[in-house]
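Close look at the chain arrangement
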Amino acid sequence: MHTLIRFRLTALGLVALSALLALPGGPAAAKSDKVIREDYADSFSTDLCGLNVDVDVAGTFRATIHVYVIGPNQPPADDFWIGNINDHGGATITNTANGKTVVQTWINNIKEAGLVDLGGGYWQYTFAQSGIPVRLGGGKPIDVGRIVITQTIYFGDLSTGDDDVFYPGIALSDSGRHPAFYSEKPFCDALLKAIG
């Protein structure tokens with residue numbers, strides 16, 4: 001699978017979940033080698049926003065590759081392509097202390113604008129995200145609308161992902177409500193209200 005899918009989910013405001021979610025195996029190629037589609041599912045226990053929780057997550061990741069900027073497979077550790085991404089899914093989060101449960105859902109549509117080599121192993125990644133990236137229960141979305149983000153990434157040695165560093169992104173424009181991009185607090189506040 002694309003080595004930076006977890007990074008891309010993190011950049012979309014799924015910070016608390018994506019840091020824990022390991023997408024399984026390699027991509028399930030669709031009709032074209034330029035299309036990646038993967039259904040993913042996982043269950044785990046963790047500390048989330050100060051609560052001990054059990055998490056059951058499932059979703060679908062789909063990407064259309066327009067152009068490879070790094071790679072493919074030259075070397076394989078840091079392949080990076082530019083394209084369109086759709087990721088949607090849900091996670092059932094259960095507070096192990098009191099048994100209360102809430103469902104987190106997300107719908108993300110990403111249009112990647114570019115990855116520019118800044119030299120010295122540093123790259124600038126720019127993308128636009130639209131949709132409802134974070135919603136807890138049937139309540140009001142925590143994030144909604146369109147946001148354009150640029151982020152500096154250090155790849156260093158392209159033959160390994162061990163030295164990669166992802167620096168915080170900067171919102172170039174924000175036409176919506178995206179508090180979860182700027183802080184985990186809105187997500188944690190909503191989670192604690194729902195199951196704390």
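This structure is a prediction, so every number in the text was calculated from the model and none was measured.

Next up on the list: the pairing of strand β7 (residues 143-154). Across a regular strand the side chains alternate sides, sitting on one face of the sheet and then on the other. As judged from the seven bridges shared by β7 and strand β9 (residues 170-177), these two strands associate in the antiparallel manner. Following the sheet pairing, Ile 147 is matched in β9 by Asp 174. Where β7 meets strand β8 (residues 165-166), two bridges bridge the pair, whose relative direction is antiparallel. Counterpart to Tyr 154 in the pairing with β8 is Val 165.

Our focus in this paragraph is the environment of Gly 120. Within the secondary structure, Gly 120 is located in the loop between β5 (101-119) and β6 (122-136). For Gly 120 and Tyr 154, which are 34 residues apart along the polypeptide, the C-alpha to C-alpha distance reads 8.5 Å.

In this model, the protein chain carries an average pLDDT of 79, and 80% of its residues clear a pLDDT of 70 or more. For the protein chain, per-element mean pLDDT is lowest for strand β1 (residues 28-29), which scores 37, and highest for strand β2 (residues 35-48), which scores 93. Note that pLDDT drops below 50 for residues 1-32; the model gives that stretch 83 contacts with residues more than four away or on any other chain.

Okay, the pattern of salt bridges next. Tallied over the entire structure, the rule returns two salt bridges. In this structure, the salt-bridge partner of Arg 37 is Asp 39, at a minimum N-O distance of 3.4 Å. Residue Asp 39 is classed as partly exposed on the basis of its relative accessible area of 48%. For the salt bridge of Lys 185 with Asp 189, the shortest nitrogen-to-oxygen distance reads 2.6 Å. A residue pair is termed a helical-turn pair when its members lie 3 or 4 positions apart in one helix, as Lys 185 and Asp 189 do in helix α4 (residues 185-195) at four residues. Accessibility expressed as a relative area gives 53% for Lys 185, which makes it exposed.

The rules behind these values
- Residues numbered from 1 in each chain as written.
- Predicted model: local features only at pLDDT ≥ 70, side-chain atom pairs only at ≥ 80, totals over all residues.
- Heavy atoms only, no water.
- Pairing = 2+ DSSP bridges.
- Helix = DSSP H or I, 4+ residues; strand = E, 2+ residues; numbered from the N terminus.
- pLDDT = per-residue confidence, 0-100.
- Contact = heavy atoms within 4.5 Å.
- Salt bridge = Lys/Arg side-chain N within 4 Å of Asp/Glu carboxyl O.
- Buried < 20%, exposed > 50% of the residue type's maximum accessible area, 1.4 Å probe, protein only.

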